[in-house]
Number of protein chains: 2
Amino acid sequence: MLVFIGLGLYDEKDISVKGLEQLLAADEIYAEFYTSRLMGSSHEKLESFFGRQIRLLSREDVEGDPIWLEEAREKVVAFLVGGDPMVSTTHLDLRLRALDMGIETKVIHSSSIVTAASGLTGLQNYRFGRSATIPFPYVSRGRRIVSQTPYTVLKENLQRNLHTMLFLDIQNERFMTVNEGASLLMEMQDESGEKLLLGRLGIGIARAGSEDSVVKADLLSRLALYDFGGPLHILIVPASLHFMEAKALVALAGAPPETLKGDE
Amino acid sequence: MLVFIGLGLYDEKDISVKGLEQLLAADEIYAEFYTSRLMGSSHEKLESFFGRQIRLLSREDVEGDPIWLEEAREKVVAFLVGGDPMVSTTHLDLRLRALDMGIETKVIHSSSIVTAASGLTGLQNYRFGRSATIPFPYVSRGRRIVSQTPYTVLKENLQRNLHTMLFLDIQNERFMTVNEGASLLMEMQDESGEKLLLGRLGIGIARAGSEDSVVKADLLSRLALYDFGGPLHILIVPASLHFMEAKALVALAGAPPETLKGDE
């Protein structure tokens, strides 16, 4: 049996009691942290808190030919991931391969940035449209390439009056900040020749689920300079705000008072 | 201090370790279960599992003039809710009133049907559009009224090729089933004179987060007859499926094999 266990948002204590029980009952424990980081913990902290050996899997271990998966034929194997399992296609693919091998699977859910973001900002969950990831720019044939995809998704959502959650790229040990994300959005706007983001609000969230999480709403142009502290960051661009959402952003995220004079 | 603690999806063991610690450290513990039910537990089970007295709050207690909130000025008051807190406007409103009173607040996140639904079906989370609730029909001036709102939301999402999560109404102790939800969608289609749902797949989920959860995908017209067992149910109507999603629905939800011959 292969048991996918979500570790939740931030550190080793975000696992559910159910998840903890299943983890302690497992014969072998594996974890992968390349699809989602548990910023408030580490491999050592997890092993010490759970009192069990946890074997870390690389992308190749998970997506290649997972020999460790063979163990799940005879034993109960726990597979730990950050957030809620299955939000990543990688986990789904692994689950389907396990089922193909005749291995029973189980999923223990946990907290996820997807719902926490609405809780932390006061934005209503049902008003979020499709989300996107802002990737780091890269250089191709001597030219700087900034993907326009996040901007296109944002534009489509705004046309339908929906909020947009923008995940920020992680490359090796480099974590994109809200500041970089906001600046890149401005650069995408320049490329488009539009004025979509003029005077528009953005909300940065840092270290969701931790005791020192930061939530700050301001004009996107000003967010580029705000100090959010360490990773992980995410960026939200809200559509027009319901009155209660505007009130929440002022109270919870220090949005400028004029936010209350919204268009709804 | 007022600490919102999410109890997660299904029973008393879906709370996080962090949430449990905060609950045990609180001076007073309150809970409300009218915005979201913890189907696998009860007031008694929760009190016995946590070893603490939990005072149940009615809608009036929470939304009216909450005298119990005054206690949070001097003491640490835990406020328990099903799922992840703040998905409901009710909790946000309470949090804002507490802040207005000068009371510090904190949110401990937990698992939510919003992300669990994608985990259980294999549908990618970012492909969900706006969600809606299918309300029970009612009779006005001798005429049966079926709200068209869920149908309108579904139609808009399908036009943008996005999946739709449909929450099913709860009235007192009556829980709408997937069967009723699917039938009501058909009735809304009749009213519209369109053929939007012809040959379209639906996915019913029952008791998410429990050991005996059921996930079944079939034509919406056939779902009306499938036995999902006890509550809580939710209904998903997917847009066109990516290949991996189709594969997942066949493997995880027994979707008809022709699902694999999708349009993407």
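What you are looking at is a predicted structure, and each value in this text was computed from that prediction instead of being measured.

### Topic: the pairing of strand S14 (residues 233–237) of chain A
Residues and elements named next belong to chain A.
Then step 1. Most of S14 is tucked away, with 5 of its 5 residues classed as buried.
Then step 2. Side chains of S14 alternate between two faces, with His233, Leu235 and Val237 and Ile234 and Ile236 buried alike.
Then step 3. Relative to S14, strand S9 (residues 164–168) runs antiparallel, the two being bridged by 4 bridges. Looking at the pairing, Met165 lines up with Ile236 of S14.

### So, the domain arrangement of chain A
Residue and element names in this part refer to chain A.
Then step 1. By the assigned domains, chain A splits into domain 1 (2–111) and domain 2 (114–263).
Then step 2. Computed over C-alpha atoms only, the centres of domain 1 and domain 2 are separated by 30 Å.
Then step 3. Taken together, the 5 residues of domain 1 in the interface contact 12 residues of domain 2.
Then step 4. Carbon and sulfur atoms make up 69% of the area that domain 1 and domain 2 hide from each other, which totals about 690 Å².
Then step 5. Inspection of the region where domain 1 meets domain 2 yields 1 salt bridge.
Then step 6. A salt bridge links Glu173 to Arg37; the nearest nitrogen and oxygen atoms lie 3.2 Å apart.

### Details of the pattern of salt bridges
Then step 1. Throughout the structure, instances matching the rule amount to 36 salt bridges over all chains.
Then step 2. For A:Arg174, the salt bridge goes to A:Glu180, with nearest N and O atoms at 3.8 Å.
Then step 3. Note on A:Arg174: relative accessible area 44%, which makes it partly exposed.
Then step 4. For B:Glu71, the salt bridge goes to B:Lys75, with nearest N and O atoms at 3.9 Å.
Then step 5. On the basis of relative accessibility, which here comes to 23%, the residue B:Glu71 falls in the partly exposed class.

### Details of the pairing of strand S1 (residues 2–6) of chain B
Residue and element names in this part refer to chain B.
Then step 1. In terms of burial, S1 is largely enclosed, as 5 of its 5 residues are buried.
Then step 2. Taking every second residue as pointing to the same face, both faces of S1 are buried, with Leu2, Phe4 and Gly6 on one and Val3 and Ile5 on the other.
Then step 3. Of the pairings in the sheet, the one linking S1 to strand S4 (residues 77–81) comprises 5 bridges and is parallel in character. Paired with Gly6 across the two strands is Val81, which belongs to S4.

### What about the relation of the copies chain B and chain A?
Then step 1. Between chain B and chain A, which share one sequence, the superposing operator has a rotation angle of 180° and an axial displacement of 0.0 Å; the RMSD is 0.0 Å. What we have between these two chains is a two-fold relation. The rotation axis passes nearest to the C-alpha of B:Ser16 in chain B, at a distance of 1.9 Å.
Then step 2. A shared binding surface is used by both copies, with 100% of the interface residues of chain B retained as interface residues in chain A.

### Describing the side chain of A:Ser112
Then step 1. Within the element layout of this structure, A:Ser112 appears in the loop between strand S5 (105–108) and helix H5 (113–121).
Then step 2. A:Ser112 sits in the buried class, given a relative accessible area of 5%.

### A word on the sheet that holds S1(B)
The strands making up a sheet are joined through hydrogen bonds of the backbone, oriented either antiparallel or parallel.
Residues and elements named next belong to chain B.
Then step 1. Taken in spatial order, the 5 strands make up an open sheet running S3-S2-S4-S1-S5, and their pairing is parallel. Strand pairing shows two members of the sheet lacking a second neighbour, strand S3 (55–56) and strand S5 (105–108), which therefore form its edges.
Then step 2. Note: S1 against S5, 4 bridges, orientation parallel. Bridge assignment links Leu2 to a residue of S5, and that residue is Thr105.

### Quick word on the packing of helix H9 (residues 243–253) of chain A against helix H4 (residues 89–100) of chain B
Then step 1. In contact at an axis separation of 11 Å, H9(A) and H4(B) are set at 45° when each is read in the N-to-C sense. Considering the angle they form, H9(A) stands oblique to H4(B). Between H9(A) and H4(B) the crossing geometry is left-handed. Residues A:Met244, A:Lys247, A:Ala248, A:Ala251 and A:Leu252 of H9(A) pack against B:Thr89, B:Leu92, B:Asp93, B:Arg95, B:Leu96 and B:Leu99 of H4(B).
Then step 2. Taken together, the residues that form the contact of H9(A) with H4(B) break down as 7 nonpolar, 1 polar and 3 charged.

### Some thoughts on the interface of chain B and chain A
Then step 1. Contacts between the two partners involve 51 residues from chain B, matched on the other side by 51 residues from chain A.
Then step 2. Between chain B and chain A, a total of about 4,400 Å² is buried, with carbon and sulfur atoms accounting for 59% of that surface.
Then step 3. It is B:Lys18, B:His109 and B:Arg160 that lose the most area in chain B upon contact with chain A, and together they represent 15% of the buried surface on that side.
Then step 4. Counting across the chain B and chain A interface gives 10 salt bridges.
Then step 5. Across the salt bridge formed by B:Asp14 and A:Lys18, the nearest N and O atoms sit 3.2 Å from each other.
Then step 6. Where the side of chain B that touches chain A is concerned, the elements lending two or more residues are helix H1 (17–25), H4, helix H5 (113–121), helix H6 (149–159) and helix H9 (243–253) of chain B.
Then step 7. Broken down by element, the side of chain B that touches chain A gets its largest block of residues, 6 residues, from H4(B).
Then step 8. Per-class residue counts for the side of chain B that touches chain A are 21 nonpolar, 16 polar and 14 charged.

Calculation notes
Residues numbered from 1 in each chain as written. Chains lettered and ligands numbered in written order. Predicted model: local features only at pLDDT ≥ 70, side-chain atom pairs only at ≥ 80, totals over all residues. Heavy atoms only, no water. Buried < 20%, exposed > 50% of the residue type's maximum accessible area, 1.4 Å probe, protein only. Helix = DSSP H or I, 4+ residues; strand = E, 2+ residues; numbered from the N terminus. Pairing = 2+ DSSP bridges. Domains from an automatic or database assignment. Contact = heavy atoms within 4.5 Å. Buried area = accessible area lost by both parts, 1.4 Å probe. Salt bridge = Lys/Arg side-chain N within 4 Å of Asp/Glu carboxyl O. Least-squares fit on C-alpha atoms with pLDDT ≥ 70 in both. Axes fitted to C-alpha atoms, helices over the stretch in contact; angles between N-to-C directions. Parallel < 35°, antiparallel > 145°, perpendicular 65-115°, else oblique. Left-handed = near helix turned anticlockwise from the far one by under 90°. Nonpolar A, V, L, I, M, F, W, Y, C, P; charged D, E, K, R; others polar.

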